[in-house]
Structures are given as structure tokens and as C-alpha cells.
Amino acid sequence: MNIVRYPITNGVWAGSIFGQSTVFSFGEKTVSLSALFESPDQEPYHLKGLEKAWEAATSAAFINRSLPGEELIEKILTAINATIKESSISLQGAVLVTEELKVHFSTVGESEVILSDGNSTSCVSAIQRGQEFTAVTSGEVEPGDLLILSPSFLAPELRKRTRLTPEIFEELCLNEKTLVLTASSTEPQTPNEFDESEDRHATRTQQTVAERAAKITSNILTALKSVRLPKLPKLRLKLPKKLPKFKFRISSLSRPVTIIAVLIFVGGIYFAGTVLSERFKIARQAEQPPKTLLTLLQQTATADTVAFLTTEFEFSKYQSLTESEKSTFHETLQQRSIEPLTATVQQALPEKILDVSSLGSNLYILDASGQLWRYDTTLRKVEQSGLIVEPQRVLALKEDRILVTDKAGNIWLYDGAATQPISLPLPQSLSSGTKLVTKYNNNIYIYNSQTKVISRISGFDRDIINPSTYANTETLGFGLLRDLWIIGDAVALDTSGKIKIFSRNVTSKEVTAAASETARIISSATGSIHLNGRFMTTYSPELTVTKTSFLLTPETPEVPVLQSDTVTVVGAGNTLYRLGN
């Protein structure tokens with residue numbers, strides 16, 4: 001069963017409700033632990049102890065991960081009940097353990113567990129008004145089912161609904177005070193995902209939600225039949241050998257009373273058996289610390305390190321490590337031939353950085369608003385009479401020769417004039433299609449995405465005239481180019497991850513790299529750098545990998561710029577970061 005938080009924030013919420021879900025994967029076995037606690041007396045601080053008890057219980061569950069779900073929930077409820085007794089907490093809530101499509105849960109107070117298939121709903125928990133968790137219900141759900149751990153104030157509204165849509169959840173889940181889980185036999189869904197597709201009902205049986213809910217609820221009664229009553233002490237009494245014979249007759253009037261008495265007696269035995277069988281062995285497991293980013297990395301196979309960092313790395317998790325743990329994190333990466341690079345803020349801008357071009361020690365930065373900036377030791381706006389709409393790339397040729405391209409395929413010139421930028425007239429062969437612009441010596445090279453042709457304009461000054469064909473990327477086996485550099489030969493990266501070195505229409509070297517929507521490449525005579533997310537791969541001039549680096553930046557870098565052979569700067573969000581020491 002996969003956990004979908006819609007909407008949910010783990011932790012103690014404003015008001016008096018605590019909710020949390022944890023998923024453990026043990027090889028082929030996946031177990032999820034979920035809880036929702038509500039303080040009827042509206043005292044949030046009462047839940048602090050329960051929060052700690054829940055963390056200890058889930059840690060203990062991890063230690064006992066080989067146990068079946070019904071035994072895991074018993075151990076969890078043992079810890080919760082002990083906390084309730086020690087703290088004299090008034091509580092309503094629900095605790096749920098799932099193993100694939102098997103569910104085990106317990107409720108206390110007026111909190112409920114509700115089953116829904118998106119079209120109809122039904123309560124599967126019997127309301128227990130005791131002060132502690134005393135019984136566990138078990139059952140099975142079907143792919144696509146929703147299990148809702150609902151606080152008391154929300155349950156009546158949820159049960160009224162015949163169809164649960166994202167809009168209804170948004171309306172009902174006031175202040176994010178509910179937990180929603182969905183049963184699935186597929187890969188885990190992403191947070192805040194709510195599946196409304198028709199095919200999620202394809203594997204269902206023909207039973208209604210009410211019928212399946214009744215089957216789950218009935219399992220609490222079925223369990224009573226297997227309760228083993230405690231052994232009573234044996235009493236040896238000496239009785240007389242001859243007992244007097246008593247004659248008695250049950251009249252028709254007294255027969256109903258006798259039957260009722262027998263039923264009460266049998267019911268009492270069942271009740272006592274339930275309480276005794278649900279009493280858990282109170283044995284607290286030593287609390288285990290939650291897994292950190294370092295722990296997860298160490299438990300990941302070396303061959304899976306790149307995949308792990310791509311999907312699991314979050315800068316906040318990295319920052320939560322101690323300095324010692326960070327050092328170990330770095331050492332672990334280095335042992336796996338990945339160089340961790342720390343980032344120092346070089347310059348922050350008001351808007352997101354789209355592209356950067358270097359000219360000597362100066363950087364020219366294009367932001368998402370269409371504003372151009374110049375940065376050496378201070379940041380200054382480049383004067384312009386208007387902002388460029390949907391800007392894309394910037395290329396610095398000289399201090400008074402800056403080119404900027406936009407999504408419409410225009411090329412703009414900044415030359416120090418009062419009316420800059422100026423839209424340059426383009427010959428017909430370059431008039432349409434988005435552009436990539438790069439330079440080499442006094443020449444500029446323009447890649448046209450529509451024609452797939454790289455054109456060269458020799459001795460560029462202020463006009464784009466007499467373009468000649470340098471290469472046809474379609475002939476060279478490229479897809480749509482994402483980046484282009486001329487370093488004598490040309491180095492290009494396309495959207496599929498192909499990196500090729502070529503001169504005119506002849507390829508000399510090629511390699512396929514990882515590709516994302518923001519992958520970029522920069523090249524120089526000493527080699528090339530491929531930036532793909534937080535990974536930066538350095539290639540030799542022959543396109544062999546010389547180094548793989550992982551960038552420890554708060555945001556995912558999208559813009560690379562090589563200031564010199566020893567200093568690299570990347571743009572992430574609205575900030576330029578200097579990498580390394």
C-alpha cells in the first residue's frame with residue numbers, strides 16, 4: 001500500500017492533531033506505518049509525548065521488520081498505550097499498518113478509518129470509546145482503494161460523500177488534518193498525487209465498497225474465536241462421596257431470564273478473552289535514530305550511487321548532517337569516484353538566471369525578465385530601453401558587442417546606444433526558428449533549430465550578412481541541439497545526450513551522456529564540462545571522462561560558466577555559485 005499525502009504535513013499541526021506516515025522497504029516486503037492522534041481537550045502539548053512514542057515505536061518496528069503486520073501493530077500499540085497511561089492523555093486516534101494490500105488497524109475514541117473507491121465510502125472501524133487501544137482489525141483492500149484516517153470532526157462529512165475528488169478533499173481536509181492512503185500494486189505514487197483515472201478500477205471485484213468494508217470489519221469478530229483464554233488455577237476440593245439429589249424445573253417464565261444470563265456470562269468471557277488477548281508484552285525497544293542522508297548513501301550499492309543522488313538528494317537533508325557526517329558523506333562519494341563540490345554564493349539576482357557569458361573577468365548575466373546584467377566585483381544593470389520578451393541565451397563578444405537571443409528567433413544587439421537592445425535584421429535563411437549563437441575569433445556561428453544548419457558569419461561587427469553553411473547537424477546524426485561551442489572544432493550537445501566533436505560536416509569523436517531538460521555543456525581547449533542537474537562530468541579533448549563531480553548547491557544548477565581553467569561558476573535559481581574552494 002502506497003502512501004499519498006493529500007494534503008498532509010508530517011508533525012504536530014496547529015490545533016490538536018498529529019499525523020505521520022513512514023514507509024519501510026525490506027527487500028520485496030514493503031510495510032507502511034501510519035498514525036493520526038487527536039486531543040479532544042484541544043491541548044496540542046499533550047501530543048508531544050505521543051509524537052516521541054510514535055517515533056520510538058516506528059524505530060522498534062524497523063528492528064522487528066521480519067514480524068508480520070499484526071505483530072508489528074501490537075508492538076506499536078504497546079508503546080502508545082504505555083505513554084497514554086504515564087501521561088494521563090485523553091486521546092482519539094487511529095494507527096494503521098499495511099503490508100501490500102493487507103491492512104491492520106486500531107482506533108480509539110471517535111476517530112475512524114474509512115474505506116473509499118473514489119465513488120462511495122464506508123466506515124471499516126468500530127468506534128471504541130475506551131482510553132486505550134484494545135483491539136486490532138485486519139483485512140484486505142483492493143488496488144486503487146483509499147483508506148482515510150479521519151479525525152472525529154471530519155468523519156461524518158466524509159461518510160456523506162458519494163464521490164471523493166481532489167476538489168472535495170481540498171474542501172473537507174481543513175488545515176491539512178487527515179491522512180489518505182491508497183492501495184496499489186504498482187510503484188509508489190508521488191506526494192499530493194490523487195488518482196482519478198478509470199483504469200484504477202479495472203482489477204476490482206464486483207463487490208460494493210459497503211460489502212468489502214463489512215468483510216474487513218467482520219474480521220475483528222472472527223479474531224475473537226481464536227482467543228485463547230488464560231489458564232485458571234486448579235483448585236482441589238474434597239467433596240462428599242454422596243451428593244444429595246436436587247430436583248429442579250425451569251418454568252417457561254424463567255427460561256428467557258436464564259438464557260439472557262447465559263448470554264451475558266458467555267459475552268463476559270468473550271470480552272475478557274479479547275482484553276487479555278489484546279494485552280501486549282510491554283518491552284520497549286531502544287530508540288533508533290531516523291535514517292540520515294549519509295546512512296541511506298552508505299546503504300546504497302556503489303553502482304546505484306548516481307541514481308540515488310539523482311532521486312534522493314535534498315539540500316535540506318544534507319544541511320541537517322553534522323560537520324562530521326558531512327565529512328563522511330564527502331569521503332563516501334570520493335571513494336566511489338565522485339568529487340563533492342561545495343558552493344559559495346557569488347552573486348544573487350532579483351530574477352531567475354537564464355544564461356551567463358564570460359568576457360575576461362566580466363560576466364554578462366541574462367535573467368528571466370529580459371534584463372541584462374554585468375558583473376565583475378559588483379552587479380550592475382546594462383542600460384536598455386526595453387526588456388526582451390522570452391529571452392533565451394546571451395553571448396559576449398566585446399564590451400559593446402553583446403548578443404541576446406529570444407524564443408521567437410530574434411537576435412538582439414547591445415552596443416552602448418541609448419536605444420539598446422537593437423533587433424538585428426536577419427537574412428532569409430536565418431529569419432525563423434530559435435537560435436543558438438556562439439563565437440570563435442572574429443566569427444559568430446548561429447544554429448537554426450528549424451533548418452538544423454549551423455551558419456558562420458565572418459568578421460562580425462554589427463550586422464549579420466552573408467552567412468555561409470558550416471555544418472548540417474541532421475547530416476551529423478544530431479537531434480535538436482541544446483548547446484554549441486566552437487573551439488577551432490565544434491562541440492555540440494543535443495537533447496538526447498549526444499556530445500560530438502566535429503569540423504564542418506565530419507565527426508571525429510562522440511559520446512552519449514545523461515540528459516535532462518536543462519543539461520548544458522561548456523568547452524575549451526582543455527576539454528569539455530557537461531552539466532546535468534547536480535552532476536558535472538569533465539571530459540578530455542578526446543571526450544573521455546576525467547572526473548565526475550556532484551554539486552552541493554541549495555538549488556539544482558541549470559547554467560554553467562567557465563570563468564577560467566580553474567574556477568567554475570554555475571547558476572541555480574536566481575543565484576550564481578562559485579564551486580570548490
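**Some remarks on the side chain of R482**
By the element assignment, R482 lies in strand 25 (residues 481-487). Of the side chains bearing the opposite charge, E517 lies closest to the buried R482, which forms no salt bridge; the N-O distance is 7.0 Å. Setting aside residues no more than four positions away along its own chain, R482 makes contact with R393, L436, L493, D494, T495, S516, E517, T518 and A519.

**Notes on the confidence of the model for the chain**
Low-pLDDT stretches of the model should not have their predicted coordinates read in fine detail. Averaged over every residue, the pLDDT of the chain is 76; the share at 70 or more is 66%. Low confidence marks residues 221-253, where pLDDT is under 50. Its contacts with residues over four positions away, or in another chain, come to 10 contacts. Ignoring residues within four places in sequence, the model shows residues 279-287, a span with pLDDT below 50, making 18 contacts including any to other chains.

**Brief notes about the sheet that holds strand 23 (residues 453-457)**
Pairing is antiparallel in the open sheet, where four strands are placed in the order 21-22-23-24. Every other strand in the sheet has two partners, leaving strand 21 (435-440) and strand 24 (468-472) as the edge strands with one partner each. Pairwise comparison of adjacent strand axes, ignoring direction, gives a mean angle of 25° for this sheet. The pairing of strand 21 with strand 22 (residues 443-448) spans six bridges and is classified as antiparallel. Within strand 22, the position partnered with K439 by the bridge is I444.

**Topic: helix 8 (residues 305-312)**
By the burial criterion, the buried members of helix 8 are T305, F308 and L309. End-on view of helix 8: buried residues confined to an arc of 95°, all on one side of the axis. Along helix 8, the residues that are exposed and aim more than 90 degrees away from the buried face are T310 and T311. Tucked inside the fold, the buried residues of helix 8 contact helix 7 (293-298), helix 10 (323-335), strand 31 (535-539) and strand 32 (545-552).

**Quick look at the sheet that holds strand 28 (residues 506-512)**
Spatial strand order, 25-26-27-28: four strands in an open sheet with antiparallel pairing. The open sheet is flanked by strand 25 and strand 28, the only strands paired with a single partner. Pairs of neighbouring strands in the sheet enclose a mean axial angle of 15°, with direction left out of account. Pairing analysis gives four bridges linking strand 26 (residues 489-494) to strand 27 (residues 498-503), with the strands arranged antiparallel. Along strand 27, the bridge assignment pairs A492 with K500.

How each quantity is defined
- Residues numbered from 1 in each chain as written.
- Predicted model: local features only at pLDDT ≥ 70, side-chain atom pairs only at ≥ 80, totals over all residues.
- Heavy atoms only, no water.
- Helix = DSSP H or I, 4+ residues; strand = E, 2+ residues; numbered from the N terminus.
- Buried < 20%, exposed > 50% of the residue type's maximum accessible area, 1.4 Å probe, protein only.
- Lys, Arg positive; Asp, Glu negative; His and termini not counted.
- Salt bridge = Lys/Arg side-chain N within 4 Å of Asp/Glu carboxyl O.
- Contact = heavy atoms within 4.5 Å.
- pLDDT = per-residue confidence, 0-100.
- Pairing = 2+ DSSP bridges.
- Axes fitted to C-alpha atoms, helices over the stretch in contact; angles between N-to-C directions.
- Arc of directions from axis to C-beta.

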